[in-house]
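Here is what each chain is made of, one letter per residue.
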Amino acid sequence: MHRVSGPYRGYFVAAYTVDTNDGFVGYGRACASRPRAGWQADGQGDIISSAYPTELQALVAAEHKVRMEVDHMPPSWEPFTAPGPLVDSR
């Protein structure tokens, strides 16, 4: 299972799960641009969750941990803002 969500503070949260002997483990990254899939993401803040009995729990745990990492990173609004000064719409 994988999911790409966001942007959250200017980052996309890419996460995916892996089935292990102990249950499902979530992996995630914070990406400046939207990746095609969670496991193909080039980003920062690589995290690993604990093992959970379901894929959804592992995925949500990984996403939560990535967001906690993003909270300590500077915002990345550049992909979402136009260059130049603000324009008065009046």
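Keep in mind it's a predicted model, so treat the numbers as computed, not measured.

Caption draft 1: Expanded view of a nonpolar patch on the surface. Judged by side-chain polarity, Met1, Leu56 and Val60 come together as a nonpolar surface patch covering roughly 270 Å² of accessible area. Position of Met1 among the secondary structure elements: in the segment before β1 (2-8).

Caption draft 2: Spatial organisation of the pairing of β1. In the sheet, β1 pairs with strand β2 (residues 11-20) via five bridges, with the strands oriented antiparallel. When the bridges of β2 are listed, His2 appears paired with Tyr16.

Caption draft 3: Up close: the confidence of the model for the protein chain. Of the residues in the protein chain, 79% reach a pLDDT of 70 or more, and the chain-wide mean stands at 85. In the model of the protein chain, strand β4 (residues 44-52) stands out as the element of lowest mean pLDDT, 87, in contrast to helix α1 (residues 55-70), which has the highest, 96.

Caption draft 4: Layout of the environment of Ala61. In this structure, Ala61 sits in helix α1. Distance in space between the C-alpha atoms of Ala61 and Ala51 is 9.6 Å, their sequence separation being ten residues. Excluding residues within four positions of it along the chain, Ala61 makes contact with Ser49 and Tyr52.

Caption draft 5: Spatial organisation of the pattern of salt bridges. Applying the stated criterion to the full structure yields two salt bridges. With its nearest N and O atoms 2.7 Å apart, the salt bridge here joins Glu63 to Arg3. Of the two residues, Glu63 is situated in helix α1 and Arg3 in strand β1; the sequence distance between them amounts to 60 residues. The exposure class of Glu63 is buried, given its relative accessible area of 5%. Overall, the relative accessible area of 34% leaves Arg3 in the partly exposed class. A salt bridge links Asp46 to Arg29; its shortest N-O distance comes to 2.7 Å. Of this pair, Asp46 sits in strand β4 while Arg29 sits in strand β3 (residues 23-31), and the two are 17 residues apart along the sequence.

Conventions used here
Residues numbered from 1 in each chain as written. Predicted model: local features only at pLDDT ≥ 70, side-chain atom pairs only at ≥ 80, totals over all residues. Heavy atoms only, no water. Patch = residues over 30% accessible without salt bridge, like charges linked within 9 Å, V, L, I, M, F, W, Y side chains within 5 Å. Areas by Shrake-Rupley, 256 points an atom, 1.4 Å probe, with all protein chains shown as cover. Salt bridge = Lys/Arg side-chain N within 4 Å of Asp/Glu carboxyl O. Helix = DSSP H or I, 4+ residues; strand = E, 2+ residues; numbered from the N terminus. Pairing = 2+ DSSP bridges. pLDDT = per-residue confidence, 0-100. Contact = heavy atoms within 4.5 Å. Buried < 20%, exposed > 50% of the residue type's maximum accessible area, 1.4 Å probe, protein only.

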